[in-house]
Amino acid sequence: MSPPGAAADPLELDNAILRNLLKQTTRAYEQQMAELFAEKELAQVTLASIGDGVLTTDAQGKVEFLNPVAEKLTGWQAGQALGQPLAAVFRLVGESAGGELATRLRHCLEAGESLRLVEVILESRDERRYAIESVGSPIRDHDGRIVGAVLVFQDVSDKRLMALQLAHQATHDELTGLLNRQSFDGHLQRALDEARAAGTTHALCYMDLDQFKLVNDTCGHLAGDELLRRMTALLQDTLADTDLVARLGGDEFGMLLPRCSLPTAEYKMKRLFRALQRFRFNWQDKSFAVGASIGLVPITRDYRTIAHLMSAADHACYVAKEKGRNRMQIYQEDDATFVRRHGEMNWVVRIQETLENDRFRLFCQTIQPLSERAARGLFFEVLLRMVESDGRVHLPSDLIRAAERYGLMRSVDRWVIHNSIRAVMDQPASFLEHLATCAINLSAMSLSDEAFLGFVEEEIAASGVPPQKLCFEITETAAIENLAQAQRVLHRLSGLGVRFALDDFGTGMSSFSYLREIPVSFLKIDGKFIKDIVNDSLDRAMVESINQLGHVMGIQTVAEAVSGSAAVDRLRSLGVDYAQGNWLAAPRPIAEVCAAQVAAARAGGR
Amino acid sequence: MRSQTVHLAAGHCPPEDLRAACAEPGRDPDLVLAFLPPGDELAPAVAALAAAWPDSLRVGCEAVTQFADAEMTSRGSIQLFWFDDPDHLPAVEVIEASHQEVPAAERIARLAGSFADADGVLLLSDGLRFPAEFLLDGLRDCLVDGSGDAGNSARRFPPVAGGLASHREPTSKECRDRRPARSAATGDQRSRGRQAEPRPAELAGARVFCGDEIFPSACVAVVFHGVEMRVEVVRGWEPASPIYRVDRAEGNVIFEIDGQPATDWYRRFFIAGDQLVPLPESSYRFPLLLEGPSPERQGLYRSMRFFDEPAGAVTFWGGVQPGDLVRLGMGNGDSLVRTAAELPRGAAPEAAMLYSCVGREAVLGDRAGQEVAAIHGALGGISLSGFFTHGEIGPTPRGRLAFYNLTAVLVLLAEARS
């Protein structure tokens, strides 16, 4: 080639330029191809990585592509499926489903409509079946023409199973797999309806294990759980498949024996007792015989509600226990029990009326400091009184059994909390300076109420009461029965500054170790250890050990039911921090106690 | 309408030839369109036309190489028009300006106003000193196309076509200073323009004339009424390289393409062995094609005018904007002539005008005459005039007004029948 310039051959120069153009174009083409290849690889990796099946067809509905998930679900290799009609590869079970797919695919390819298939069954080439959900869309080219369709589908078999599991969880007890209380009530209601409508007789049995608490206390909760599972197996083995068994509470079981006469039910329960007699629960090196008390009630049209039925069964079970446990009691409605049950029902109405008419009244009993550690300032426990329309005043012991049995305790607790806080906040601002602690009783029912935490937090936030001034008293039994929930509630509210006291401490005591698990500020030593503390060395020892235990753990102690100066002296010598009792201070209306405190503070200030 | 081309003898306009051309119609032409050889012969030729047809509308310009029917000539080309309807006599507007004294916005608006009811406009201007692209930008702002989808204030957009003439290659300094800023001239711009103004001896653009008057730097607009005017843009270039992006450009100068100086980018293509080929000559067959992204600029061509290696800049015969997507095209005599012969079908025209780029002339070389011959043949031998241009004016594929390089703009006229 001659050098460029005037003498250069133009054709030669053109050729050089054309070669350069070709080189640049080739380079750009190769770069574009590399980019396209990278994009394609990325797309393929993406398609291969996603958890959904992806299948594409051409404009005629013939399969063009399957990703690995689609290969697995259809059972077709991509190479084999290529060019096959969609219906052959994406095979839906049932003629209607197959026809619907064909119609929708046609609409998708012809009219550009998207398609959606919910919970259809896809049968793979190797005849496995999957519940799937699928969406499909047309594929368009740059000019908007439909050139095929893409189906994206996912295996929802697990989702379906999970839905079934969730449904099962909602109706069954987690530990034993038996029906739960709510579900059992539903079955019971249907049985009662049938009995009332058609006169059919069914039977209801209410069983309470006699040795459960012993196993729980001596071997721990794991052993208790295992005992419940073993008992479940025994019940299921002994009863017919058509009989329904439910776990109603801690160690309480319900049995609904459908279309079962009273003699047959009796026979079945006797067989159950025989099986129980043979049963031994072994845990580590211990072996337990397990007994049960069973209340049996024939379900007849005489009962109006399942609450009546459950109450009767519960009562019969209670009578069986009273008669020495490990036996069955058929419910017989004698005058006394009728009166009592009727009385409870009556209480329910009265409690509801009292709540609606705001006729509860708050009293309080002050708690006196004994030790140097005890805080100075007003410390009182809020007490509830029910004033009826005729002016009669009832103590809580009268109404609590009915309120607990018929689920009214949550409402009562909330009323008490709201009004106690209001009573405190109604006082002059200086009152809070002299208030050490306002202790409010809390039932086990509230402790297990999921909405309770939110309620208390809202009350505190709305009132502005310093949370440190509040203390909730819960019984030892309530705390232990549902330790996990108690931990959650106590820790959350402790985080705000609220304190807790364990009430009636010592009565249900089996182990102190759980005290490490919950943030408690006060142990209220049960009055039965205090009443005779002056004379009974065992009670004294008990109080002493509880007091020492509390102090070691940084917990202050309160002696309940203190009834004389000698007892006060004894408690003081043992180092108990506070004392409470009618001898020291009788319950008085809360407003009165607060006003007296305000007046005393003013007098002191003067 | 009747049209006739007068084939002139060298050097002058013999009165007898002019008179003979009118023998058949029996009257003086209504419109005389003349493309005359540049230089001292212009004034006598314009005077000869005035003497022959004192009452006719006479317009034209200097041009180095003209077309007369199927011929390519340097003796000049005169096209005569007789309209059947006296109401179809065209109107003529002249707008004088230079790159240093750009036309005021009001003047452009007035010119656009005269296009209001027109059926077509022919623009002939100097291709060197007159700011043609500036004028076109201004007209485009004032007009809309026939669809009238702009506001009510916008005027209808009639077909507009034409050519820019020049009778010699400009100097490099002229190239750099060719295009002014888009906005109305300010004191600063005038000052800059004056600093950049070449010496008078270097200014030798093509003069236009109207009637007896000759204008050194102007544009003459022939505004047709009652005439159907069709415009065809003849291309003949094929895409030859990948598409690249213009990173930095100003006026008709590109500074950077694809992340490197424009000269380096050209070096990718225009080297033989390890030496740069002669530029811009070697680039005529490889023009710059504009591929967007603006639809208004898609399909435009730019011909290299100056390759300034030290500055890294490349100057073109038309404007380029930052962000333009460009590629090199390629063509040769065959592709240009073949494309010229492939005219779209349509109503039979009665007269034609061809404004073909000098860049095409360079590519065609010895075959330069084949283009006009092919077109004239395709048109069935009707009267045709025109010249080789330094820039063409015609519609874009979307109907708007554009400034082209390296195309042949063919204007076809037919008088409307009442």
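Parameters at a glance
Residues numbered from 1 in each chain as written. Chains lettered and ligands numbered in written order. Predicted model: local features only at pLDDT ≥ 70, side-chain atom pairs only at ≥ 80, totals over all residues. Helix = DSSP H or I, 4+ residues; strand = E, 2+ residues; numbered from the N terminus. Buried ≥ 20, exposed ≤ 12 C-beta atoms within 10 Å, placed from the backbone. Contact = placed C-beta atoms within 7 Å. Core = buried A, V, L, I, M, F, W, Y, C linked by C-beta atoms within 7 Å. Nonpolar A, V, L, I, M, F, W, Y, C, P; charged D, E, K, R; others polar. Pairing = 2+ DSSP bridges. Axes fitted to C-alpha atoms, helices over the stretch in contact; angles between N-to-C directions. Expected span 1.5 Å × (residues − 1). Parallel < 35°, antiparallel > 145°, perpendicular 65-115°, else oblique. Left-handed = near helix turned anticlockwise from the far one by under 90°. pLDDT = per-residue confidence, 0-100. Arc of directions from axis to C-beta.

J.: What is the right way to look at the overall build of chain A in this model?
T.: Helix and strand counts for chain A stand at 22 helices and 23 strands. Put simply, chain A has 606 residues, and 34% of those count as buried.

J.: For this particular structure, what's the right way to read the overall build of chain B?
T.: A count of helices and strands for chain B gives 10 helices and 29 strands. Out of the 418 residues belonging to chain B, those deemed buried represent 51%. Look at the contacts in chain B between residues 6 or more apart in sequence, and 81% of them connect residues 24 or more apart.

J.: Can you walk me through the nonpolar core in this structure?
T.: Nonpolar side chains tend toward joint burial in soluble globular proteins. The biggest cluster of nonpolar side chains holds 133 residues, and the ones touching the most others in it are Cys-219, Leu-354 and Val-411 of chain B. It is strand S12 (residues 218–224) of chain B that contributes the most residues to this core, seven residues altogether. Among all residues touching Val-411 of chain B, those that are not within four sequence positions of it are Leu-122, Ala-161, Met-229, Val-231, Ala-352 and Met-353 of chain B. Grouped together as the second largest cluster of nonpolar side chains are 71 residues, Ala-403, Leu-447, Leu-502 and Leu-574 of chain A included.

J.: What is the right way to read the interface of chain A and chain B from this model?
T.: Accessible area lost on assembly of the parts is the figure often given for the size of an interface. Listed per partner, the contact involves 13 residues of chain A and 17 residues of chain B. Residues that form the side of chain A that touches chain B fall into these classes: eight nonpolar, four polar and one charged.

J.: Whenever I open this one, the sheet that holds strand S11 (residues 213–215) of chain B confuses me. Can you help?
T.: Strand pairing within a sheet occurs via backbone hydrogen bonds; the two strands may be parallel or antiparallel. Residues and elements named next belong to chain B. Read from one edge to the other, the open sheet built from six strands follows the order S1-S6-S2-S3-S10-S11, with strand pairing classed as mixed. Bordering the open sheet on either side are strand S1 (2–7) and S11, each of which pairs with just one other strand. The sheet shows a mean angle of 15° between the axes of neighbouring strands, taken without regard to direction. Two strands pair when backbone bridges link them, and strand S2 (residues 31–36) and strand S6 (residues 77–82) are joined in this way by five bridges, in the antiparallel orientation. When the sheet's bridge partners are listed, Ala-34 is paired in S6 with Ile-78. Contacts from helix H2 (residues 42–52) reach S2, strand S3 (57–62), strand S10 (208–210) and S11 within the one sheet, and its direction differs from that of S2 by about 160°.

J.: Explanation requested: the sheet that holds strand S8 (residues 252–257) of chain A in the structure shown.
T.: Residue and element names in this part refer to chain A. Ordered by their spatial adjacency, five strands build an open sheet running S7-S8-S6-S11-S12, and the pairing between neighbours is mixed. On the outer flanks of this sheet lie strand S7 (244–247) and strand S12 (328–330), each paired with one strand and no other. Sheet twist, expressed as the mean angle between neighbouring strand axes with direction ignored, is 20°. Examined bridge by bridge, strand S11 (residues 292–299) and S12 share three bridges and lie parallel to one another. Bridge pairing links Gly-295 to Gln-329 in S12. Its contacts with the sheet place helix H10 (residues 262–278) against strand S6 (202–209), S8, S11 and S12, and it is angled at close to 165° to S11. Strands S6, S11 and S12 of the sheet are contacted by helix H11 (residues 306–322), whose axis makes an angle of about 145° with S11.

J.: For this particular structure, what's the right way to read the packing of helix H8 (residues 212–219) of chain A against helix H9 (residues 221–238) of chain A?
T.: Two packed helices can be described by the angle between their axes and the distance between those axes. Residue and element names in this part refer to chain A. For the pair H8 and H9, the least separation of the axes is 6 Å and the interaxial angle reads 145°. On the side of H8, the interface is formed by Phe-212, Val-215, Asn-216 and Cys-219, while H9 contributes His-221, Ala-223, Gly-224 and Leu-227. Of the residues that constitute the contact of H8 with H9, the class distribution is five nonpolar, three polar and no charged.

J.: Help me understand unusual backbone geometry in this model?
T.: For residues other than glycine, phi is negative in most cases, and the peptide bonds are mostly trans. Cis geometry marks the peptide bond from Leu-279 of chain B to Pro-280 of chain B; its omega dihedral reads 10°. The topology assignment puts Pro-280 of chain B in the loop between strand S19 (275–276) and strand S20 (288–290). In this chain, Gly-292 of chain B is followed by Pro-293 of chain B through a cis amide linkage whose omega measures 5°. Locating Pro-293 of chain B in the fold gives a position in the loop between S20 and strand S21 (301–302). At Asp-504 of chain A, a residue that is not glycine, the phi angle is positive and equals roughly 50°.

J.: It is not clear to me how helix H1 (residues 10–49) of chain A should be interpreted in this structure. Could you clarify?
T.: Given 3.6 residues per turn, any residue in an α-helix points the same way as the ones three and four places further on. In this model H1 of chain A runs 57 Å from its N-terminal to its C-terminal C-alpha over 40 residues, within 8% of the 58 Å that 1.5 Å per residue would give. What H1 of chain A keeps buried is the set Leu-13, Ala-16, Ile-17, Asn-20 and Leu-21 of chain A. Against helix H7 (262–269), strand S18 (271–272) and strand S24 (325–330) of chain B lie the buried residues of H1 of chain A.

J.: What exactly am I supposed to notice about the pairing of S11 of chain A here?
T.: Successive residues of a regular strand alternate their side chains across the two faces of the sheet. All names here are of chain A. Where burial is concerned, most of S11 is hidden: eight out of the eight residues are buried. Burial along S11 is two-sided: the residues Ala-292, Ile-294, Leu-296 and Pro-298 and Ser-293, Gly-295, Val-297 and Ile-299 are all buried. Two strands pair when backbone bridges link them, and S6 and S11 are joined in this way by eight bridges, in the antiparallel orientation. If you follow Leu-209 over to S11, its bridge partner there is Ala-292.

J.: Any chance you could explain the packing of helix H17 (residues 452–463) of chain A against helix H19 (residues 483–496) of chain A here in plain terms?
T.: Residues and elements named next belong to chain A. For the pair H17 and H19, the least separation of the axes is 11 Å and the interaxial angle reads 15°. As judged from the angle between their axes, H17 and H19 are roughly parallel. Seen from above, H17 lies across H19 with right-handed handedness. Of H19, the residues touching H17 (which contributes Phe-452, Leu-453, Val-456 and Ile-460) are Val-489, Arg-492, Leu-493 and Leu-496. Partitioned by chemical class, the residues of the contact of H17 with H19 number seven nonpolar, no polar and one charged.

J.: Help me understand the environment of Leu-370 of chain A, please; the structure alone is not making it clear to me.
T.: Residue and element names in this part refer to chain A. Tracing the backbone through its elements, the reader meets Leu-370 in the loop between strand S14 (368–369) and strand S15 (378–387). By C-beta crowding, Leu-370 is classed as buried, having 22 other C-beta atoms within 10 Å. Remark: the alpha-carbon pair of Leu-370 and Gly-575, spanning 205 residues in sequence, is separated by 7.9 Å. When residues no more than four places from it in sequence are discounted, the contact partners of Leu-370 are Val-568, Leu-571, Arg-572, Val-576, Asp-577, Tyr-578 and Ala-579.

J.: Where do I start with the pairing of strand S27 (residues 392–395) of chain B in this structure?
T.: Residues and elements named next belong to chain B. Direction of pairing for strand S9 (residues 160–165) relative to S27: antiparallel, over a ladder of two bridges. Considered in S27, the bridge of Gly-162 is made with Ile-393. Relative to strand S28 (residues 401–404), S27 runs antiparallel, the two being bridged by four bridges. Its bridge partner being in S28, Pro-395 is matched across the sheet by Leu-401.

J.: Would you mind showing me how to read the confidence of the model for chain A here?
T.: Close reading of the predicted structure is inappropriate where its pLDDT is low. Confidence along chain A averages 86 in pLDDT terms, with 95% of residues attaining 70 or more. Scored below 50 in pLDDT, residues 1–6 of chain A makes 16 contacts in the model with residues more than four places away or belonging to other chains.

J.: Please clarify how helix H21 (residues 565–574) of chain A should be interpreted in this entry.
T.: Residues and elements named next belong to chain A. For H21, the set of buried residues is Ala-567, Val-568, Arg-570, Leu-571 and Leu-574. For H21, the angular spread of buried residues about the axis comes to 165°, placing them on one side. Residues of H21 that are exposed and point over 90 degrees away from its buried face: Ser-565, Ala-566, Asp-569 and Ser-573. Along its buried surface, H21 packs onto helix H20 (537–552), strand S21 (556–559) and strand S22 (578–579). Looking one or two places after H21, you find Gly-575, whose phi comes out positive at around 90°.

J.: Which parts of the structure should I look at to understand the confidence of the model for chain B?
T.: Residue and element names in this part refer to chain B. Of all residues in chain B, 86% attain a pLDDT of 70 or more, and the chain-wide mean is 83. Looking over chain B, one finds the lowest element-wise mean pLDDT in helix H6 (residues 187–196), namely 30, and the highest in strand S16 (residues 253–257), namely 95. Of the regions scoring below 50 in pLDDT, residues 169–203 engages in 42 contacts with residues more than four places distant in sequence or in other chains. With pTM at 0.49, the complex prediction returns an ipTM value of 0.73.

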